[in-house]
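# An overview of the molecular structure
Spelled out, the chains give:
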Amino acid sequence: MRKMVGILKIGGGVLTDKTKLESPRMETIERIAAEVASSSSGLVLVHGAGSFGHIHADKYDLREKFDPEGILETHRSVVRLNEIVVEALCRAGAHPVPVHPLSCALLQDGRIEDMNIGPLTEMIERGLLPVLHGDVVMDRARGADILSGDQIITHLARSLGADVVALGTREDGVIYGGEVVSRVTRENYHRIEPELGGSRGVDDVTGGMRMKVMELLDLADDGIPSLIFNAGKKGMIEKALEGELVGTLVEGSS
Ligand code: IPE
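We now turn to the structure provided with this report. (Residues numbered from 1 in each chain as written. Predicted model: local features only at pLDDT ≥ 70, side-chain atom pairs only at ≥ 80, totals over all residues. Heavy atoms only, no water.)

Attention now goes to the pattern of salt bridges. Per the counting criterion, the structure on display carries 20 salt bridges. Asp150 is paired through a salt bridge with Lys212; the nearest N and O atoms lie 3.1 Å apart. Remark: Lys212 occurs in helix α9 (residues 208-221) and Asp150 occurs in helix α7 (residues 149-160); sequence separation between them is 62 residues. Both residues of the pair, Asp150 and Lys212, belong to the buried class. One continuous salt-bridge network, built from bridges that share partners, spans Arg63, Asp109, Arg142 and Asp145. (Salt bridge = Lys/Arg side-chain N within 4 Å of Asp/Glu carboxyl O. Helix = DSSP H or I, 4+ residues; strand = E, 2+ residues; numbered from the N terminus. Buried < 20%, exposed > 50% of the residue type's maximum accessible area, 1.4 Å probe, protein only.)

Written out as structure tokens, the structure reads:
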């Protein structure tokens, strides 16, 4: 029988202080690692870059220009955060393995055209926890571009046939008129869209909440719902992975 597969993204704004270069929030990382380590299903973890990566990508204008030095600096920076996360997961008793998108994904005009899934399925089967991250990735049209963790989770959700897709942010979900919207579909999206902003801290080169919701609505169109929740709050990861509606459910139109 195939294992249940959960895909969890933790935003860079949760794991780092986005306003200060390469500043991990160590207590939060340790807590999240413990919560992830105790989850029972087969899991793929994807983390954002926060102040490891966004600042470099912005400095070298990587979305606009092909810059070999910028590619290396940005990649090395997110890999440093990946190592911190992987170390914390080891201390928490998980069996993490780092997987770097620069080495296994290819873009065409900013969208994933190809990604090597075989190693991931094998890792999940054998109880390992693949840990991917937003990264700078080669792009057939542009040379290189920034691949967000959000696009990675939707791609993996489709190709691995995920049972649960959860996106942990610093917000309680999608906020409209000061309240958490419990469900977002294509029907109510146009109403809430004007209130969906970018994100706090450094320029977010991958677009903030609006891009997340658009990405997840496309996934919902393919029949895979997902949850946006607050990973800054203790205990929420477990609930989200168990399918509790803690946050905003992005789902297909009924
Ligand atoms: C961005 O990844 C990757 C780089 C800037 C290299 P994400 O878009 O997933 O990161 P966060 O969650 O916004 O920090």
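The rest of the description comes next.
What follows concerns the packing of α7 against α9. Relative orientation of the contacting elements α7 and α9 amounts to 10 degrees, with a least axis distance of 10 Å. As the angle between them shows, α7 and α9 are arranged roughly parallel. Where α7 approaches α9, its residues Asp150, Gln151, Ile153, Thr154, Ala157 and Arg158 are matched on the opposing element by Lys212, Glu215, Leu216, Asp218 and Leu219. (Axes fitted to C-alpha atoms, helices over the stretch in contact; angles between N-to-C directions. Parallel < 35°, antiparallel > 145°, perpendicular 65-115°, else oblique. Contact = heavy atoms within 4.5 Å.)

In an α-helix there are 3.6 residues to a turn, and that puts residues three or four apart on one side. Compared with the 34 Å implied by 1.5 Å per residue over 24 residues, the 35 Å span of helix α4 (residues 68-91) between its first and last C-alpha is a close match. A side-chain oxygen of the first residue of α4 lies 3.0 Å from the backbone nitrogen of Glu69; this N-cap is Asp67. With its phi angle positive at about 95 degrees, Gly93 sits one or two positions after the end of α4. (Expected span 1.5 Å × (residues − 1). Polar contact = N/O pair within 3.5 Å; in protein donor to acceptor, adjacent residues only side chain to side chain.)

So, on to the nonpolar core. Judged by nonpolar contacts, the single largest core of 39 residues is most densely connected at Ile7, Met115, Leu132, Leu156, Val174, Val184 and Val213. Dropping the residues within four chain positions of it, Val174 is found in contact with Glu179, Val180, Val181, Val184, Ile192, Leu196, Met209, Val213, Ile228 and Thr248. Listed in part, the 30 residues of the second largest apolar core include Leu45, Val86, Ala231 and Met236. (Core = buried A, V, L, I, M, F, W, Y, C linked by side-chain atoms within 4.5 Å.)

Our focus in this paragraph is the pairing of strand β1 (residues 5-10). In terms of burial, β1 is largely enclosed, as 6 of its 6 residues are buried. Going residue by residue along β1, you find Val5, Ile7 and Lys9 tucked away on one face and Gly6, Leu8 and Ile10 tucked away on the opposite face as well. Pairing of β1 with strand β2 (residues 42-47) involves 6 bridges; the strand directions are parallel. By the bridge assignment, Lys9 is partnered in β2 with Val46. (Pairing = 2+ DSSP bridges.)

A few words on the environment of Ala157. Examined against the element boundaries, Ala157 turns out to sit in helix α7. For the pair Ala157 and Leu219, spaced 62 residues apart in sequence, the C-alpha separation works out to 8.1 Å. Sequence-distant contacts of Ala157, that is, excluding residues within four places in its chain, are made with Ile7, Ala162, Val165, Leu219 and Ile224.

Before going further, it helps to spend a moment on the pairing of strand β4 (residues 105-108). Here β4 shows one buried face, formed by Ala105 and Leu107, and one open face, formed by Leu106 and Gln108. Where β4 and strand β5 (residues 111-115) come together, 4 bridges link them in antiparallel fashion. Note that in β5 the partner of Leu106 across the bridge is Asp114. Once β4 ends, the chain turns through 2 residues before running back antiparallel as β5, passing Asp109 with a positive phi of about 55 degrees.

Okay, the sheet that holds strand β3 (residues 96-98) next. On the basis of which strands lie adjacent, the open sheet formed by 8 strands has the order β3-β6-β2-β1-β9-β13-β14-β12 and mixed pairing. The strands lining the two open edges of the sheet, one partner per strand, are β3 and β12 (183-184). Those strands touched by α7 are β1, β2, β6 (129-133) and β9 (164-169), and its axis lies near 175 degrees from that of β1.

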